[in-house]
Amino acid sequence: MGLNTEKRQTIFTAGVCEFADCGYENSSTNRIAKKAGISKGSLFKYFPTKEDFYVLDEITAELISSLEEKVNTFSTDIFQRKIEYSVLEFSWYNLHPQKAKMIVRAFTKSDTDIYRKTVLKYGNREQDIYYWLLQDIDTAQFRWDRQKTVAMIKWFLKGFNDDFLTRIQKQAYSDLEMIEKEYVKDLSEYIEMLKAGIVK
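Values in this document were obtained by computation on a predicted structure and should not be read as measured data. (Residues numbered from 1 in each chain as written. Predicted model: local features only at pLDDT ≥ 70, side-chain atom pairs only at ≥ 80, totals over all residues. Heavy atoms only, no water.)

Undergrad: Sorry if this is basic, but what is going on with the overall build of the protein here?
TA: Looking only at helices and strands, the protein features 10 helices and 0 strands. For the protein, the sequential pattern of α-helices and β-strands runs α-α-α-α-α-α-α-α-α-α. Restricting the contact set of the protein to residue pairs at least 6 apart, pairs at least 24 apart contribute 67%. In the form shown here, the protein has an accessible surface area of approximately 11900 Å², with 53% of it arising from carbon and sulfur atoms. (Helix = DSSP H or I, 4+ residues; strand = E, 2+ residues; numbered from the N terminus. Contact = heavy atoms within 4.5 Å. Areas by Shrake-Rupley, 256 points an atom, 1.4 Å probe, with all protein chains shown as cover.)

Undergrad: Whenever I open this one, the pattern of salt bridges confuses me. Can you help?
TA: Two side chains carrying opposite charge are able to pair once their charged atoms lie near each other. Considering all chains together, one arrives at 7 salt bridges under this definition. With a closest N to O distance of 2.9 Å, Lys 35 and Glu 18 form a salt bridge. With a gap of 17 residues between them, Lys 35 in helix 2 (residues 29–36) and Glu 18 in helix 1 (residues 5–26) connect regions that are remote in the sequence. Since its relative accessible area comes to 45%, Lys 35 is described here as partly exposed. Owing to a relative accessible area of 1%, Glu 18 belongs among the buried residues under this scheme. (Salt bridge = Lys/Arg side-chain N within 4 Å of Asp/Glu carboxyl O. Buried < 20%, exposed > 50% of the residue type's maximum accessible area, 1.4 Å probe, protein only.)

Undergrad: What is the right way to look at the packing of aromatic side chains in this model?
TA: The relation between two aromatic rings is expressed through the spacing of the ring centres and the mutual angle of the planes. Tallied over the full model, the rule gives 8 aromatic pairs. Ring centres 5.7 Å apart and planes at 85° place the aromatic pair Phe 90 and Tyr 93 in the edge-to-face group. With Phe 90 and Tyr 93 both in helix 6 (residues 78–95) and 3 residues apart, this pair spans about one turn of that helix. Each member of the pair, Phe 90 together with Tyr 93, is buried. Look at Phe 156 and Phe 160: their rings are 6.4 Å apart centre to centre, the planes differ by 40°, and that puts the pair in the tilted class. Note that Phe 156 and Phe 160 are positioned in helix 9 (residues 146–168) at a spacing of 4 residues, about one turn of the helix. The buried category is assigned to Phe 160, whose relative accessible area is 7%. Among the aromatic residues, those joined into a cluster by ring pairs are Phe 90, Trp 92, Tyr 93, Phe 156, Phe 160, Tyr 183 and Tyr 190. (Phe/Tyr/Trp six-rings, centres within 6.5 Å; stacked < 30°, edge-to-face > 60°.)

Undergrad: So what exactly am I meant to see when it comes to a nonpolar patch on the surface here?
TA: There is a patch of nonpolar side chains on the surface, built from Tyr 190, Met 193, Ile 198 and Val 199 and spanning about 490 Å² of accessible area. Tracing the backbone through its elements, the reader meets Tyr 190 in helix 10 (residues 176–196). (Patch = residues over 30% accessible without salt bridge, like charges linked within 9 Å, V, L, I, M, F, W, Y side chains within 5 Å.)

Undergrad: I keep staring at the environment of Phe 19 and nothing clicks. Help me out?
TA: Note that Phe 19 resides in helix 1. Along the sequence, Phe 19 and Gln 98 sit 79 residues apart, while their C-alpha atoms lie 8.8 Å from each other. Beyond its immediate stretch of four places on either side in the chain, Phe 19 contacts Tyr 24, Ser 27, Ile 32, Lys 50, Phe 53, Tyr 54, Met 102 and Arg 105.

Undergrad: Just checking my understanding: could you explain helix 6 for this structure?
TA: One turn of the α-helix equals 3.6 residues, which is why residues spaced by three or four share an orientation. Across its 18 residues, helix 6 extends 26 Å between first and last C-alpha, which sits within 8% of the 26 Å expected from 1.5 Å per residue. Those residues of helix 6 that fall on the buried side of the exposure criterion are Ile 78, Phe 79, Arg 81, Lys 82, Ile 83, Tyr 85, Ser 86, Leu 88, Glu 89, Phe 90, Trp 92 and Tyr 93. Structurally, the start of helix 6 carries an N-cap: the backbone nitrogen of Phe 79 is 3.1 Å from a side-chain oxygen of Asp 77. (Expected span 1.5 Å × (residues − 1). Polar contact = N/O pair within 3.5 Å; in protein donor to acceptor, adjacent residues only side chain to side chain.)

Undergrad: Which parts of the structure should I look at to understand the side chain of Glu 18?
TA: For Glu 18, the side chain forms a polar contact with the side chain of Arg 31, separated by 2.6 Å. Beyond its immediate chain neighbours, meaning those up to four positions away, Glu 18 contacts Gly 23, Asn 26, Ser 27, Ser 28, Arg 31, Ile 32 and Lys 35.

Undergrad: What exactly am I supposed to notice about the packing of helix 5 (residues 56–68) against helix 6 here?
TA: Angle between the axes and distance between the axes are the two parameters that describe a pair of packed helices. At a closest axis distance of 10 Å, the pairing of helix 5 and helix 6 adopts a crossing angle of 130°. Here helix 5 lies oblique to helix 6, going by the angle between them. In this structure, helix 5 meets helix 6 at a crossing whose hand is right-handed. Facing Ile 59, Glu 62, Leu 63, Ser 66 and Leu 67 of helix 5, the residues of helix 6 in contact are Tyr 85, Leu 88, Glu 89, Trp 92 and Tyr 93. (Axes fitted to C-alpha atoms, helices over the stretch in contact; angles between N-to-C directions. Parallel < 35°, antiparallel > 145°, perpendicular 65-115°, else oblique. Left-handed = near helix turned anticlockwise from the far one by under 90°.)

Undergrad: Would you mind showing me how to read the side chain of Lys 82 here?
TA: In this fold, Lys 82 is placed in helix 6. For the buried Lys 82, which has no salt bridge, the nearest side chain bearing the opposite charge is Glu 89, at an N-O separation of 5.0 Å. A distance of 3.3 Å separates the side chain of Lys 82 from the side chain of Tyr 183, its partner in a polar contact. If we skip the residues at most four places from it in the chain, Lys 82 touches Leu 133, Leu 157, Asn 161, Tyr 183 and Leu 187. (Lys, Arg positive; Asp, Glu negative; His and termini not counted.)

As structure tokens, then:
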């Protein structure tokens, strides 16, 4: 007899809450089982190990799928596109705050085995997302070589995102709209600096 889909979803939801609130290292399969209202033995029928249960793949796939549906509506201006992408991403976070919290925890730099595995697993995928975001953009405004300019913008965006993820770890996740406003404001200011140049 196959495993119960509804029960798996209940366990999945309980696990997302646990990983979002406690992180991978401090999470407890005992608490997950209790939240799901099942025995620990039943839990492991669906997810044999704690790492199997770390359902980051499913959550990131859900987020990316949601974003890909709208990418064709984005501006061809590279900087405006990044802002539109960020607003759309935060809209998804507002709809799924626990999943958002889990994603932020997973991709915030830390000295843990699970973070190192996450970087190894998602490193290339992260690069693909940036190049996907930067494809089919209007390059007529570029002063320098297209490939080098796109690479530089990619480095800037990745550095900005990494820094922002680290900073919001210290903030409450209850006000994602405030975090979104802060993100877009800071991003817009840095974009204007990048476009204008930093040398007088």
